Amino acid sequence: MSTLAEPRLLTRPAVRRSRYDLAQLGPNWYAAVMGTAILGNGAAVLPVRLPGLIGFGEVMWALGLAALLVLGSARLVHLTRHRGAARAQLLDNPATAVFYGCPPMALLAVGLGTVLLGSRVIGTGPAVAVDAVLWGLGTLFALAVAGGIPYLMITRHRLSALEANPTWLLPVVAPLVASACGPVLVPHLPAGAPQQAMLYGCCALFGIGLLATLVLLPVVFTGLLHSKLPTLALTPSLFLVLGPLGQSVTAVHQLADAARPVLPALAPVMLDLAELYGVAVIGVALLWLAVALAANLRARRAGMPFAMTWWAYTFPIGTCVTGASALARHTGFGGFTALAAGLYLLLAVAWVLAAGGTAAGLARGRLLAR
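Computed from a predicted model, the values in this text were never measured in an experiment. (Residues numbered from 1 in each chain as written. Predicted model: local features only at pLDDT ≥ 70, side-chain atom pairs only at ≥ 80, totals over all residues. Heavy atoms only, no water.)

**A look at the overall build of the protein**
For step 1, the next point in the chain: Regarding its fold elements, the protein presents 13 helices and zero strands.
For step 2, the next point in the chain: Each helix and strand of the protein, placed in order from N terminus to C terminus, yields the pattern α-α-α-α-α-α-α-α-α-α-α-α-α.
For step 3, the next point in the chain: Here the protein has a C-alpha radius of gyration of 22 Å; the compact-globule value for 370 residues is 21 Å, and the two agree.
For step 4, the next point in the chain: Going through the 370 residues of the protein one by one, you find that 51% of them count as buried.
For step 5, the next point in the chain: For the protein, restricting intrachain contacts to residue pairs at least 6 apart in sequence, the fraction spanning at least 24 positions comes to 83%.
For step 6, the next point in the chain: Element-wise, carbon and sulfur atoms account for 70% of the exposed surface of the protein, whose accessible area totals about 16900 Å². (Helix = DSSP H or I, 4+ residues; strand = E, 2+ residues; numbered from the N terminus. Rg over C-alpha atoms; globule rule 2.2 N^0.38 Å. Buried < 20%, exposed > 50% of the residue type's maximum accessible area, 1.4 Å probe, protein only. Contact = heavy atoms within 4.5 Å. Areas by Shrake-Rupley, 256 points an atom, 1.4 Å probe, with all protein chains shown as cover.)

The structure is reproduced here in structure tokens:
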């Protein structure tokens, strides 16, 4: 009998196992979607019109949408087949839990790009419908994360404020992103109460994100001064401080634009506030950009290896692009136009570095390797 069984074993097809381990797929991977989407969105709002720029933006929007769908499918597999790892990432490991701020921002950024760029491809009606779904899901997710992660920090996670780093800002920035992306939907809502409710809701989201950021920033700076960054690979996270700065500037200008037909009595005040706030905060952002660039150049000289943290170069710089673009649009000052263009070039370089490193890491098996 054994001689008859052996040929069957020999002819049974071998099962090929993937060299990638989805158990290691964390929410930080959504930063790649965010960085790709903001590159497209920045092209759509840039106050400089160059041949092919909008077409390039459409390509980046499509790439960001495809990345969101692929990553969403992979994360679904992760959450169903690797529940233990998923539970540990959220409940037991504060270093990975804070990255749950990335998925809602990815949804919101791709949704905004669908209106700004995708409408030229799929039509205005379908684009608005897609954005409405992504904005709704992203906003609910953002609120859950903005409240849920601090709750876990207080009640479950073992951490010290003296070891805080800029990744702690990720959960609370998400409502700011929602407040900046929501106003584009206001003109597509029925006039009256629906538009007012949307605008007031976005103002509330702005307040949530901004006040939470103001609470956390001193903690983050204290942690950086006391404990430094624990590894070279975390040095790119210094750019995350730019996220709430640039995004808040973008948000106040988007809210001021949306208020003109909806809240005409408040619109002039909101526009004045947006310009004053924007100039002041962009100044702070540029100062911190210099600090972050200097620290990262120092880390590169020290041999900083590629890691997924390199995507921290992209979205935060992108928010400064959209913020500077909004200032250029509202003030007409050429200096802000030049600033937006320069920041966009820096964003493009950052995206090439992050995307190239990710592609090489996946191809060589260094990322998600078994």
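**Concerning the side chain of asparagine 296**
For step 1, the next point in the chain: Take asparagine 296: it is sitting in helix H11 (residues 267-301).
For step 2, the next point in the chain: Only 2.8 Å separates the side chain of asparagine 296 from the backbone oxygen of alanine 292, close enough to count as a polar contact.
For step 3, the next point in the chain: Once residues within four sequence positions are removed from consideration, asparagine 296 is found in contact with Thr235, Pro236, Phe239, Met304 and Tyr313. (Polar contact = N/O pair within 3.5 Å; in protein donor to acceptor, adjacent residues only side chain to side chain.)

**A word on the environment of glycine 55**
For step 1, the next point in the chain: Tracing the backbone shows glycine 55 in helix H3 (residues 53-81).
For step 2, the next point in the chain: Residue class for glycine 55 comes out partly exposed when judged on its relative accessible area of 32%.
For step 3, the next point in the chain: Taking the C-alpha atoms as reference points, glycine 55 and alanine 43, separated by 12 residues in sequence, lie 9.0 Å from one another.

**Observations concerning the side chain of serine 237**
For step 1, the next point in the chain: Looking at where serine 237 falls in the secondary structure, it is placed in the loop between helix H9 (193-227) and helix H10 (242-262).
For step 2, the next point in the chain: Here the side chain of serine 237 touches leucine 234 through a polar contact of 2.5 Å, landing on its backbone oxygen.
For step 3, the next point in the chain: Leave out the neighbours within four places in its chain, and serine 237 touches Pro166, Thr167, Leu229 and Ala312.

**Considerations on the confidence of the model for the protein**
For step 1, the next point in the chain: In this model, the protein carries an average pLDDT of 92, and 94% of its residues clear a pLDDT of 70 or more.
For step 2, the next point in the chain: Contacts for the low-pLDDT stretch residues 1-16, under 50 throughout, to residues beyond four places or in other chains number zero contacts. (pLDDT = per-residue confidence, 0-100.)

**Topic: unusual backbone geometry**
For step 1, the next point in the chain: Positive phi, normally seen in glycine, also occurs at lysine 228, with a value near 60 degrees.
For step 2, the next point in the chain: With respect to the secondary-structure elements, lysine 228 resides in the loop between H9 and H10.
For step 3, the next point in the chain: For lysine 228, a relative accessible area of 52% gives the class exposed.

**Comments concerning the packing of helix H8 (residues 170-181) against H9**
Each pair of packed helices can be described by the angle between their axes along with the distance between the axes.
For step 1, the next point in the chain: One can describe the packing of H8 onto H9 by two numbers: an axis separation of 7 Å at closest approach and a directional angle of 150 degrees. If you check the angle between H8 and H9, you find them roughly antiparallel. In this structure, H8 meets H9 at a crossing whose hand is left-handed. Residues Val172, Pro175, Leu176, Ala178 and Ser179 of H8 form the contact with H9, whose participating residues are Cys202, Leu205, Phe206, Ile208, Gly209, Leu210, Ala212, Thr213 and Leu216.
For step 2, the next point in the chain: Among the residues forming the contact of H8 with H9, the class breakdown is 11 nonpolar, three polar and no charged. (Axes fitted to C-alpha atoms, helices over the stretch in contact; angles between N-to-C directions. Parallel < 35°, antiparallel > 145°, perpendicular 65-115°, else oblique. Left-handed = near helix turned anticlockwise from the far one by under 90°. Nonpolar A, V, L, I, M, F, W, Y, C, P; charged D, E, K, R; others polar.)

**Focus: a nonpolar patch on the surface**
For step 1, the next point in the chain: A surface patch of nonpolar side chains, amounting to about 220 Å² of accessible area, comprises Val121, Ile122 and Val130.
For step 2, the next point in the chain: Tracing the backbone shows valine 130 in helix H7 (residues 124-155). (Patch = residues over 30% accessible without salt bridge, like charges linked within 9 Å, V, L, I, M, F, W, Y side chains within 5 Å. Salt bridge = Lys/Arg side-chain N within 4 Å of Asp/Glu carboxyl O.)

**What about the packing of aromatic side chains?**
For step 1, the next point in the chain: Tallied over the full model, the rule gives six aromatic pairs.
For step 2, the next point in the chain: On the numbers, 5.1 Å between centres and 85 degrees between planes, the contact of phenylalanine 239 with tyrosine 313 is edge-to-face. In this pair, phenylalanine 239 is assigned in the loop between H9 and H10 and tyrosine 313 in the loop between H11 and helix H12 (314-331), connecting sequence segments 74 residues apart. For the pair formed by phenylalanine 239 and tyrosine 313, the shared burial category is buried. (Phe/Tyr/Trp six-rings, centres within 6.5 Å; stacked < 30°, edge-to-face > 60°.)

**Topic: the packing of H7 against H9**
For step 1, the next point in the chain: For the pair H7 and H9, the least separation of the axes is 12 Å and the interaxial angle reads 35 degrees. For the element pair H7 and H9, the recorded crossing hand is left-handed. Packed against H7, whose contacting residues are Trp135, Thr139 and Leu143, the element H9 presents Met198, Cys202, Leu205 and Ile208 at the interface.
For step 2, the next point in the chain: Looking at the contact of H7 with H9 residue by residue, the classes come out as six nonpolar, one polar and no charged.

**Notes on the environment of proline 183**
For step 1, the next point in the chain: By the element assignment, proline 183 lies in the loop between H8 and H9.
For step 2, the next point in the chain: According to the relative accessible area criterion, proline 183 is buried, its value standing at 5%.
For step 3, the next point in the chain: For the pair proline 183 and valine 145, spaced 38 residues apart in the sequence, the C-alpha separation amounts to 21 Å.

**Observations concerning the pattern of salt bridges**
Any two side chains of opposite charge can pair, on the condition that their charged atoms come close.
For step 1, the next point in the chain: Counted according to the given criterion, the structure contains four salt bridges.
For step 2, the next point in the chain: Put simply, aspartate 92 and arginine 156 hold a salt bridge, and the shortest N to O gap is 3.2 Å. Here the residue aspartate 92 occupies a position in helix H4 (residues 83-92), and arginine 156 occupies one in the loop between H7 and H8, the gap between them amounting to 64 residues.
For step 3, the next point in the chain: Looking at aspartate 92, the relative accessible area reads 48%, which means it is partly exposed.

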